[in-house]
Amino acid sequence: MRLSTAIVTAVGVVVLGAVPAAAAPGPTPAPTSTSGAPAAPAPVTWGVAPSSPTGPNGRASFGYKLDPGAEVTDYVAVTNHSARPLTLRLYASDAVTTPQGGFDLLPGAQRPVDVGSWVRLTASTLTIPSTSRVDVPFTLTVPDNATPGDHAGGIVATLAATGTDGQGNQVAVDHRVGVRIYMRVTGELRPALALEDLQVRHRASVNPFGGGEIVATATIRNTGNVRLAGEPTVEAAGLFGLGGRDASGAALPQILPGDAIQTTVRLPRVPPLFRLTVTTTVVPTAVDGQVLDPAPAAASQVTTVWAVPWIQLLLVALVGGAVWALLAARRRRRRRAARQLEQAVAAAREQGRAEAVATVASAPAEQPTGTRGMPRQPESRTPEAAPETPTAHPGGES
């Protein structure tokens, strides 16, 4: 596997993997075609792979487990797949984890201080005939004071060339192809990941019913002595655990001891419950089928963020205002209708009084009456009856 990058300072990019072939533009002038026009330069390809005295043996990388002070002899195969000879520089270096989680080696001009410095190659420059292979022996000696745990590096075959950049400037190009070295020094293993520079923020949504988004960004550092991957998660909840939600981020790639990468986890559809408690966690996981016993503890941090539901509050205010306006309009209509009814009743009464007065004024004069409603008759006297004369009855009774 290969990747070539040109920069003015003549530093290239090395790709270390299981594919033992690589391609790079050759530094020689382009040949001339039969038509007289310059032909495109034939690419040169070469590969680097673990080997044995008789050739590559199928290993994807160099892997060792040694005690401090131990030494091992091995072979690296450098194969020229091109149709012309190649002169390559061969050296070992230390590995680093890129901020994006890639595996890379130190620049060629930087001196290694770890496993790259433990490797001694029998040749530093190789001239390989076309379509040929050279098996180069080397020794790896572990220092007596080497720290236990994982150490990573690689062996690189590099080709220097010149080229031009996009502005037409001449630049030096260092094409590097290599193979990885994974070295474990025996001793106490301490697998651990840590969360650093954690930043958690809440992003409100314009959809009042969709909830907001929690965005957690952190640097994940390997603080142990074992290369690890990891699984980040984020949990968020309001007071008393209301509206709790969680989400997992993308699985982290391999992180070498002492190195770090940055990751971001997004948690969507989080209810804006004013004050949210957010728990960010990364669980260490093994790489390349390693067994971590006991399993390393998860790294976790708890933060609080404000998630004020401005959109929801505005919506509630608008709905409340509309309801208040509707009720107020209804009350005004009722009061207006009541006033109109009172005015109609008062007007009817006034009209009735006016009609009664008019009727009385227009009626003819009438005879006085003794009895209400009947004409009074003149009085007549009846002669009083004469007193009765006593009548005598026989028997002397009167």
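Described in the following lines is the structure provided in the data block. Nothing here was measured: the structure is a model prediction, and the numbers come from that model.

### Describing the pattern of salt bridges
Summed over all chains, the structure comprises eight salt bridges. In this structure, the salt-bridge partner of Arg184 is Asp150, at a minimum N-O distance of 2.7 Å. Taken together, the positions of Arg184 in strand 13 (residues 170-185) and Asp150 in strand 12 (residues 149-164) put the pair 34 residues apart, joining distant regions of the chain. What makes Asp150 buried here is its relative accessible area of 10%. Two residues, Arg227 and Asp150, come together in a salt bridge whose shortest N-O distance is 4.0 Å. A residue pair is termed long-range when its members are at least 10 positions apart, and Arg227 in the loop between strand 15 (212-222) and strand 16 (228-237) and Asp150 in strand 12 qualify at 77 residues. For Arg227, a relative accessible area of 9% translates into the label buried. When salt bridges that share partners are traced, they join Asp150, Arg184, Arg227 and Asp288 into one network.

### Here's the deal with the nonpolar core
The biggest cluster of nonpolar side chains holds 31 residues, and the ones touching the most others in it are Trp46, Tyr64, Val76, Leu140, Ile155 and Met183. A total of five residues in this core trace back to one element, the largest contributor, which is strand 13. Leu140 has contacts with Tyr64, Leu66, Ala70, Glu71, Val72, Val115, Trp118, Val119, Ile181 and Met183, leaving out every residue within four places of it along the chain. In this structure, Val200, Ile214, Leu228 and Ala236 belong to the second largest nonpolar core, which totals 26 residues.

### Notes on the pairing of strand 10 (residues 125-128)
Alternating residues of strand 10 divide into Leu126 and Ile128, all buried, and Thr125 and Thr127, none buried. Bridge count between strand 7 (residues 86-97) and strand 10: four bridges; the pairing is antiparallel. Counterpart to Leu88 in the pairing with strand 10 is Leu126.

### Quick look at the packing of aromatic side chains
Applying the stated rule across the entire model yields three aromatic pairs. A ring pair is formed by Phe62 and Tyr64, whose centres lie 6.3 Å apart and whose planes are at 15 degrees; its orientation type is stacked. Put simply, the rings of Phe62, Tyr64 and Phe138 pair up and form one aromatic cluster. The residue whose ring lies beneath Arg180 is Phe103, and the NZ or CZ to ring-centre distance is 4.1 Å. Geometry around Tyr182 places Arg227 over its ring, the cationic atom sitting 3.7 Å from the centre.

### A word on a positive patch on the surface
Taken together, the side chains of Arg330, Arg331, Arg332, Arg333, Arg334, Arg335, Arg336 and Arg339 present a region of like positive charge at the surface. With respect to the helices and strands, Arg332 occurs in helix 1 (residues 310-362).

### Concerning the environment of Thr158
Assignment of secondary structure puts Thr158 in strand 12. Here the alpha-carbon distance between Thr158 and Trp46, two residues 112 residues apart in the chain, equals 9.6 Å. If we skip the residues at most four places from it in the chain, Thr158 touches Leu88, Arg89, Tyr91, Asp174, His175 and Arg176.

### Observations regarding the sheet that holds strand 15
Spatially, 14-15-19 is the arrangement adopted by the three strands of the open sheet, whose pairing is antiparallel. In this open sheet, the two edge strands, each paired with only one partner strand, are strand 14 (193-203) and strand 19 (260-270). Each strand of the sheet is rotated relative to its neighbour by a mean of 15 degrees, with strand direction disregarded. The sheet contact formed by strand 15 and strand 19 spans nine bridges and is antiparallel. Counterpart to Ile214 in the pairing with strand 19 is Leu267.

The rules behind the values
Residues numbered from 1 in each chain as written. Predicted model: local features only at pLDDT ≥ 70, side-chain atom pairs only at ≥ 80, totals over all residues. Heavy atoms only, no water. Salt bridge = Lys/Arg side-chain N within 4 Å of Asp/Glu carboxyl O. Helix = DSSP H or I, 4+ residues; strand = E, 2+ residues; numbered from the N terminus. Buried < 20%, exposed > 50% of the residue type's maximum accessible area, 1.4 Å probe, protein only. Core = buried A, V, L, I, M, F, W, Y, C linked by side-chain atoms within 4.5 Å. Contact = heavy atoms within 4.5 Å. Pairing = 2+ DSSP bridges. Phe/Tyr/Trp six-rings, centres within 6.5 Å; stacked < 30°, edge-to-face > 60°. Lys NZ or Arg CZ within 6 Å of the ring centre and 35° of its normal. Patch = residues over 30% accessible without salt bridge, like charges linked within 9 Å, V, L, I, M, F, W, Y side chains within 5 Å. Areas by Shrake-Rupley, 256 points an atom, 1.4 Å probe, with all protein chains shown as cover. Lys, Arg positive; Asp, Glu negative; His and termini not counted. Charge placed at Lys NZ, Arg CZ, Asp CG, Glu CD. Axes fitted to C-alpha atoms, helices over the stretch in contact; angles between N-to-C directions.

Everything listed is a geometric property; what it means functionally is a separate question.
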